Amino acid sequence: LTFRRTGVGGVLRRMEARLPRSGDLSEQRLANLVQEVAVAAAVPPPRVLLIDAKAANVAATGLTMDDATVVVTRGFVDRLPRDAQQAGTCSSRPRS
């Protein structure tokens, strides 16, 4: 019901999704990884948002590659190695 009333942006705000912190090296590495994957796939890089949660999770929103957002939890950043993060972000993207 919340999703229907507020849309994706409203849900992300309620979940307190935020941009990667510039002073946090692991969050910046994740943002760089997402950008590298986008360059390799020849698609526009999606926006990256983080949710401060312990569970390791990743999801993508957007109707097209041009308005895509990748949302990851802090647990995803803290618990998974780079190759697993790359696989997770590659498989969680809007299909054009």
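Residues numbered from 1 in each chain as written. Predicted model: local features only at pLDDT ≥ 70, side-chain atom pairs only at ≥ 80, totals over all residues. Heavy atoms only, no water.

**Student:** Residues and numbers for the side chain of Q85, please.
**Tutor:** Structurally, the position occupied by Q85 is in helix 4 (residues 82-91). Here Q85 falls in the buried class, since its relative accessible area comes to 8%. Not counting chain neighbours up to four residues away, the residues in contact with Q85 comprise L30, L33, F76, V77 and L80. (Helix = DSSP H or I, 4+ residues; strand = E, 2+ residues; numbered from the N terminus. Buried < 20%, exposed > 50% of the residue type's maximum accessible area, 1.4 Å probe, protein only. Contact = heavy atoms within 4.5 Å.)

**Student:** Describe unusual backbone geometry, naming the residues involved and giving the relevant values.
**Tutor:** The residue A42 is not glycine, and still its phi comes out positive at about 60°. Position of A42 among the secondary structure elements: in the loop between helix 2 (25-41) and strand 1 (47-51).

**Student:** Describe in detail the sheet that holds strand 3 (residues 69-73), supporting the description with residues and values.
**Tutor:** Strands sit in the order 1-3-2 across an open sheet of 3 strands; the sheet is mixed. Of all strands in the sheet, those bounded by a partner on one side alone are strand 1 and strand 2 (58-61). Taking the axes of each pair of neighbouring strands and ignoring which way they run, one obtains an average angle of 25° across the sheet. Direction of pairing for strand 2 relative to strand 3: antiparallel, over a ladder of 4 bridges. Its bridge partner being in strand 3, V58 is matched across the sheet by V72. (Pairing = 2+ DSSP bridges. Axes fitted to C-alpha atoms, helices over the stretch in contact; angles between N-to-C directions.)

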